[in-house]
Amino acid sequence: MEFSLFVLEMCSTIIALLCYPVYLQGNPNASPFPSNFLFGTASSSYQFEGAFLSDGKGLNNWDVFTHKPDLDLMQDIGVNSYRFSISWARILPKGRFGSVNKAGIHHYNKLINTLLLKGLSLVPLYVTQIRVSPMYLEDLFCVTGIQPFVSLTHYDFPQELENRYGAWLSSQVQEDFKYHADICFKYFGDRVKYWTTFNEPNVAVIRGYRSGIYPPSRCSSSFGNCSNGDSEKEPFIAAHNIILSHAAAVDVYRTKYQKQQGGSIGIVMNAIWYEPISNSLKDKQAAERAQAFYMNWFLDPIIMGKYPKEMQEILDSNLPSFSNHDQEKLNSTGLDFIGINHYTSFYTKDCMFSVCEQGPGNTKTEGFALRTATKNGVFIGESTALDWLFVHPQGMEKIITYVKERYNNIPMFITENGFCENDKSNSLTEETLNDVNRVEYISGYLDALAAALRKGADVRGYFLWSLLDNFEWTLGFTIRFGLHHVDFTTLKRTPRGSATWYKQFIANHTAEKILMPQHYPGNQLGQHFNTI
């Protein structure tokens, strides 16, 4: 065996099984971010992967609705983690009604292994003044690669399941999601230590089954322009099945994989900070109702075993109930951490006990809490290219504190945060690369995150959206979130000023992490190396 191949295989083994972290460089005591804090970037399979029907992939709902990330760029920035999602239709084109697509397994094995080895190096232990014999594995240590942080689905699901039984509107989907989770844990769990079941199920349900602007495009005429749907009932049915699907997946992980694989599992919620528009009790209660009908809608059942009392009181029979068996499953599974996607804040006004104009939030299905970006004609923060994204960094500290207090400081990760610009051109200019507004946004939100950490919030990572400009759902390629500008014709990547800023921020707030080898029990990761 050539020496280079020997080194590669040995180091892969150390990552998977043999090492424990030691921090040699940097001064973590000078930073509010813990030395093991994850700094990363985030993406989703549909927005980055492409490969419409390549390598055995099946259609997913977003393929029907609308008809690779660069790892070297991540390494250059210095991130120690990368959040991405697995395309359900790439792994299981027909759900549990068909076979596992081995080409899809190969695709993600290759990505995961490359992430773990990116930036990895073997260094002799004599630098730590330990006597060495370079011929032995125990005399080396490894600088870590990029840790995968994986969502089992990010809005997308196989179109086959929509066609068969209506996807999230049927309880059958719970078995399909459980099966999908089991396959992913089986093939990738030896190397993936951070799992999330769903990304922003509140957004997927609201936009898919209330307004109908996302697939499967179901809504009532008073909420949107759809051919089918019931905006007052279907969102709660879909959410109910998602919550129970989460519980089913966590149960599989806990009972079959977690002890051996040593990872953790959670869920990612879109989290808006709702600021009462006045100091009145009614508006403060409206802000609480807004959270209940948006984020707590999912987190309360998963963590507490029941829907928020505000939802129960207002919705009554329109809110599905959990059976005794369901409650037992929820109580026994829960989650290990909460992922928070936070970008923006809104004012909230009471519409239950007060005269209120029409607008978003002012319906029974939304808790009679009007959402508005302005107060006395003044915006809550600087506007951006998206009509829902306003720059309000203090909302970051407030939403973290809210989650900390409501859910007993369960560990959190900021799984998305970022700034967008409206740019329909591929041309590179000084203005497109010198993205001062993005830097100011990221800096302000990270300062607010640091303030929450100093006050005791257990936040363990921050993922910036996104490394590259990408496909932004219904807005296509017209909105740009990337640290790197992408020419969508040539696919050339060019770093913006924000990439340099984030690189320096990470360097200032992290210690270099190495892995120290222990005893060599065998090579688990090495068996996957033929996929690279």
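Numbering of residues starts from 1 in every chain and runs along the sequence as written. Local features in this predicted model are restricted to residues of pLDDT 70 or higher, and side-chain atom pairs are both shown and tallied only at a pLDDT of 80 or more, whereas totals for entire chains, interfaces and linings draw on every residue. Side-chain metrics rest on all non-hydrogen atoms present in the structure, leaving aside hydrogens and water.

Draft legend 1. Looking closely at the state of the cysteines. Pairs of cysteine sulfur atoms within 2.5 Å are identified as disulfides in what follows. Throughout the structure, instances matching the rule amount to two disulfides. Across the disulfide, Cys351 is cross-linked to Cys356 (sulfur-sulfur distance 2.0 Å). Numbered by order of appearance in the sequence, the disulfide-linked cysteines of the protein chain pair as 1-2, 3-4.

Draft legend 2. Spotlight on the packing of helix 17 (residues 436-454) against helix 18 (residues 497-509). In this description, a line fitted to the C-alpha atoms serves as the axis of each element, helices being fitted only across the stretch in contact, and the angle between N-to-C directions of two axes falls anywhere from 0 to 180 degrees. By the criteria applied, helices consist of DSSP H or I runs no shorter than four residues and strands consist of E runs no shorter than two, each listed in order from the N terminus. Running from N to C, helix 17 and helix 18 point in directions that differ by 25°, and their axes come no closer than 9 Å. In terms of their interaxial angle, helix 17 and helix 18 are classed as roughly parallel. The way helix 17 lies across helix 18 gives a crossing that is right-handed. Two secondary-structure elements touch here, helix 17 through Arg438, Val439, Ile442, Ser443 and Leu446 and helix 18 through Gly497, Ser498, Trp501 and Phe505. Across the contact of helix 17 with helix 18, the residue classes break down as five nonpolar, three polar and one charged. Roughly parallel here means an angle under 35 degrees, roughly antiparallel means over 145, roughly perpendicular means 65 to 115, and every remaining angle is called oblique. Two helices that cross are described as forming a left-handed crossing if the nearer one is turned anticlockwise from the farther one by less than a right angle, and a right-handed crossing if clockwise. Whether two residues are in contact is decided by their heavy atoms: any pair within 4.5 Å suffices. Three classes are used: nonpolar for Ala, Val, Leu, Ile, Met, Phe, Trp, Tyr, Cys and Pro, charged for Asp, Glu, Lys and Arg, and polar for all others, with Gly counted as polar.

Draft legend 3. Highlighting the sheet that holds strand 9 (residues 273-276). Spatially, 9-11-12 is the arrangement adopted by the three strands of the open sheet, whose pairing is mixed. Either end of the sheet is taken by a strand with one partner, and the two such strands are strand 9 and strand 12 (369-372). Between one strand axis and the next, the sheet turns through 40° on average, direction left out of account. Criterion used throughout: strands pair if DSSP finds at least two bridges between them. Pairing of strand 11 (residues 345-350) with strand 12 involves four bridges; the strand directions are antiparallel. Considered in strand 12, the bridge of Lys349 is made with Leu370. In the packing of helix 15 (residues 394-406) onto the sheet, contacts are made with strand 9 and strand 11, and the angle to strand 9 comes to roughly 100°.

Draft legend 4. Geometry of the confidence of the model for the protein chain. The pLDDT value expresses, per residue, how confident the predictor is, ranging between 0 and 100. Here the protein chain averages 84 in pLDDT, and 79% of its residues register 70 or above. Every residue in residues 514-532 scores below 50 in pLDDT, and together they form 72 contacts with partners more than four places removed in sequence or on other chains.

Draft legend 5. Highlighting the pattern of salt bridges. Every case where a carboxyl oxygen of Asp or Glu lies within 4 Å of a side-chain nitrogen of Lys or Arg is listed as a salt bridge. Tallied over the full model, the rule gives 22 salt bridges. Glu160 is the partner of Lys94 in a salt bridge, and the nearest nitrogen-oxygen pair spans 3.6 Å. Taken together, the positions of Lys94 in the loop between helix 5 (88-91) and helix 6 (102-117) and Glu160 in helix 7 (residues 159-165) put the pair 66 residues apart, joining distant regions of the chain. For each residue, the accessible area found with a 1.4 Å probe, counting protein chains only, is set against the maximum for its type, and the residue is called buried under 20%, exposed over 50%, and partly exposed in between. You can call Glu160 buried: its relative accessible area is 19%. Here Glu397 and Lys455 are joined by a salt bridge, their closest N and O atoms 2.6 Å apart. Taken together, the residues Glu397 in helix 15 and Lys455 in the loop between helix 17 and strand 19 (459-464) connect sequence positions 58 residues apart. Through salt bridges with shared partners, a single network forms among Lys94, Glu160 and Arg164.

Draft legend 6. Representation of helix 14 (residues 324-333). Within helix 14, the full set of buried residues consists of Asp326, Leu330 and Thr333. An end-on view of helix 14 places all buried positions within 80° of arc, on one side of the element. Seen from the buried face of helix 14, the exposed residues on the opposite side, beyond 90 degrees, are Asn324, His325, Glu328 and Asn331. Taken together, the buried residues of helix 14 touch helix 10 (234-261) and helix 12 (296-304). Just beyond helix 14, the residue with positive phi is Gly334, at close to 65°. Of all possible arcs, the one meant is that of the directions from the helix axis to the C-beta atoms.

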